Amino acid sequence: MGQLKSSTKPFEISKWEVKEAWEEVRGNKGAPGVDGQSIADFEKDLRNNLYKVWNRMSSGSYFPPPVRAVAIPKPHGGGERMLGIPAVADRVAQTVVARHLMRRVEPVFHPDSFGYRPGRSALDAVGKCRERCWKRDWVVEFDIAKFFDSVPWDLLVNAVEAHTDAVWVKLYVRRSGLAQVPGFAQLA
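Undergrad: Looking at this structure, how should I read empty space enclosed by the protein?
TA: Using a probe with the size of a water molecule, rolled over the atoms, empty space left in the structure can be pinpointed. All told, the structure shown has one cavity of 30 Å³ or more when counted by the stated rule. Lining of the largest cavity is provided by Arg 56, Met 57, Gly 60, Ser 61, Tyr 62, Trp 168, Leu 171, Tyr 172 and Arg 175. Elements supplying a minimum of two residues to the lining of the largest cavity: helix 3 (46-59) and helix 8 (167-178). When residues in the lining of the largest cavity are grouped by element, the largest group, four residues, is from helix 8. For the lining of the largest cavity, the per-class residue count stands at five nonpolar, two polar and two charged.

Structure follows, in C-alpha cells:
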C-alpha cells in the first residue's frame, strides 16, 4: 500500500503559541468583527476555533477577513476617525504574528521609542521628555497625522521581511494588506 501523506504542516507554529495569543485577546476584550462573533461566542467552541486558526496558519491557508469599520469620535471634538475591528479569530492570528515579530524587533528599537510597545506608555514618554528638559534648553515634539494611512503597503511588508525569515509571518502580513482592499473578501 502507498505511503500516506505526511501530517506535518509546512509552517512550524505551535498550538501553545495560538493558545497564549487567545489569552491575550480575551484579556483585551473588544467588540465583534465583521462576522459578528463576540469573545464569548468564540469561547463557546474554543478548542475548535483555536484549532481552525492554528491549522490554517500552519498550513499556509489562512486569509485574514475584512475588518469591521466603526467611526469613533476624536477626543476634544476633532471629528471622527475610522477604527477597524478585526474578527476575534483574526485577532488571535494577529497576536501570534505580532508576538513573533516583537521578539525580533524589540531589541533593535530605539530606547526612546514609546509608541505601540509593550510595557511602555504615553506617561513613560512624558517622563523621558521631562528628564531631557533638565538636560537641554530645547525640545522637539511632533506627530505625523494619519501616518499609517499614508505608508505604502509594500514598504511595510519590506520592513517586516527585513526582520524575519518566517514565511508564515510574511504571508500573513501580505494577506492582511489585501484584506483591506474592497472586494477582496469575495476573492479569498
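Okay, back to it.
Undergrad: What exactly am I supposed to notice about the pattern of salt bridges here?
TA: A side chain of one charge can pair with a side chain of the opposite charge when the charged atoms of the two come close. In this structure the tally under the stated criterion is 13 salt bridges. Among the ionic contacts, a cluster of salt bridges with common partners joins Asp 112, Lys 128, Glu 131, Arg 132 and Lys 135.

Undergrad: What exactly am I supposed to notice about the side chain of His 100 here?
TA: On the secondary structure map, His 100 appears in helix 4 (residues 88-105). Looking at His 100, the relative accessible area reads 6%, which means it is buried. Non-local contacts of His 100, meaning those with residues more than four positions away in its chain, are made with Thr 164, Ala 166, Trp 168 and Val 169.

Undergrad: Looking at this structure, how should I read the layout of surface pockets?
TA: In this structure, the second largest pocket encloses a volume near 250 Å³. Together, 15 residues line the second largest pocket, and Arg 56, Tyr 62, Phe 63, Pro 65 and Ala 89 are the ones closest to its centre. Counting only elements with at least two residues in the lining of the second largest pocket, the list comes to helix 3 and helix 4. Ranked by residues supplied to the lining of the second largest pocket, first place goes to helix 3 with four residues.

Undergrad: For this particular structure, what's the right way to read the confidence of the model for the chain?
TA: Any region with low pLDDT has predicted coordinates that should not be read closely. With 88% of its residues at a pLDDT of 70 or more, the chain shows a mean pLDDT of 85. Within the chain, helix 9 (residues 184-187) has the poorest average pLDDT of any element, 37, and helix 2 (residues 39-44) the best, 98. The low-confidence segment residues 1-6, where pLDDT is below 50, has zero contacts with residues more than four positions distant or belonging to other chains.

Undergrad: Would you mind going over a nonpolar patch on the surface with me for this structure?
TA: A surface patch of nonpolar side chains, amounting to about 420 Å² of accessible area, comprises Trp 138, Val 140 and Phe 142. According to the relative accessible area criterion, Phe 142 is exposed, its value standing at 65%.

Undergrad: I keep staring at the packing of aromatic side chains and nothing clicks. Help me out?
TA: Aromatic rings considered in pairs are described by the distance between their centres and by the relative angle of their planes. What the rule picks out here adds up to three aromatic pairs. Each ring, one from Tyr 51 and one from Trp 54, has its centre 5.5 Å from the other, and the planes form 45°; the classification is tilted. Of this pair, Tyr 51 and Trp 54 both sit in helix 3, three residues apart, roughly one helical turn. Residue classification places Tyr 51 among the partly exposed positions, given a relative accessible area of 40%. When its relative accessible area of 12% is taken as the criterion, Trp 54 is described as buried. When the ring centre of Trp 54 is taken as origin, the NZ or CZ atom of Lys 15, which lies over that ring, is 4.6 Å away. Between the NZ or CZ atom of Arg 120 and the centre of the ring of Phe 114, over which it lies, the distance is 5.2 Å.

Definitions and cut-offs
- Residues numbered from 1 in each chain as written.
- Predicted model: local features only at pLDDT ≥ 70, side-chain atom pairs only at ≥ 80, totals over all residues.
- Heavy atoms only, no water.
- 1 Å grid on protein atoms, 1.4 Å probe; cavity = no way out; pocket = protein on both sides within 12 Å on 5 of 7 lines; lining within 4 Å.
- Points joined across faces, edges and corners; volume = space filled by probe spheres on them.
- Helix = DSSP H or I, 4+ residues; strand = E, 2+ residues; numbered from the N terminus.
- Nonpolar A, V, L, I, M, F, W, Y, C, P; charged D, E, K, R; others polar.
- Salt bridge = Lys/Arg side-chain N within 4 Å of Asp/Glu carboxyl O.
- Buried < 20%, exposed > 50% of the residue type's maximum accessible area, 1.4 Å probe, protein only.
- Contact = heavy atoms within 4.5 Å.
- pLDDT = per-residue confidence, 0-100.
- Patch = residues over 30% accessible without salt bridge, like charges linked within 9 Å, V, L, I, M, F, W, Y side chains within 5 Å.
- Areas by Shrake-Rupley, 256 points an atom, 1.4 Å probe, with all protein chains shown as cover.
- Phe/Tyr/Trp six-rings, centres within 6.5 Å; stacked < 30°, edge-to-face > 60°.
- Lys NZ or Arg CZ within 6 Å of the ring centre and 35° of its normal.

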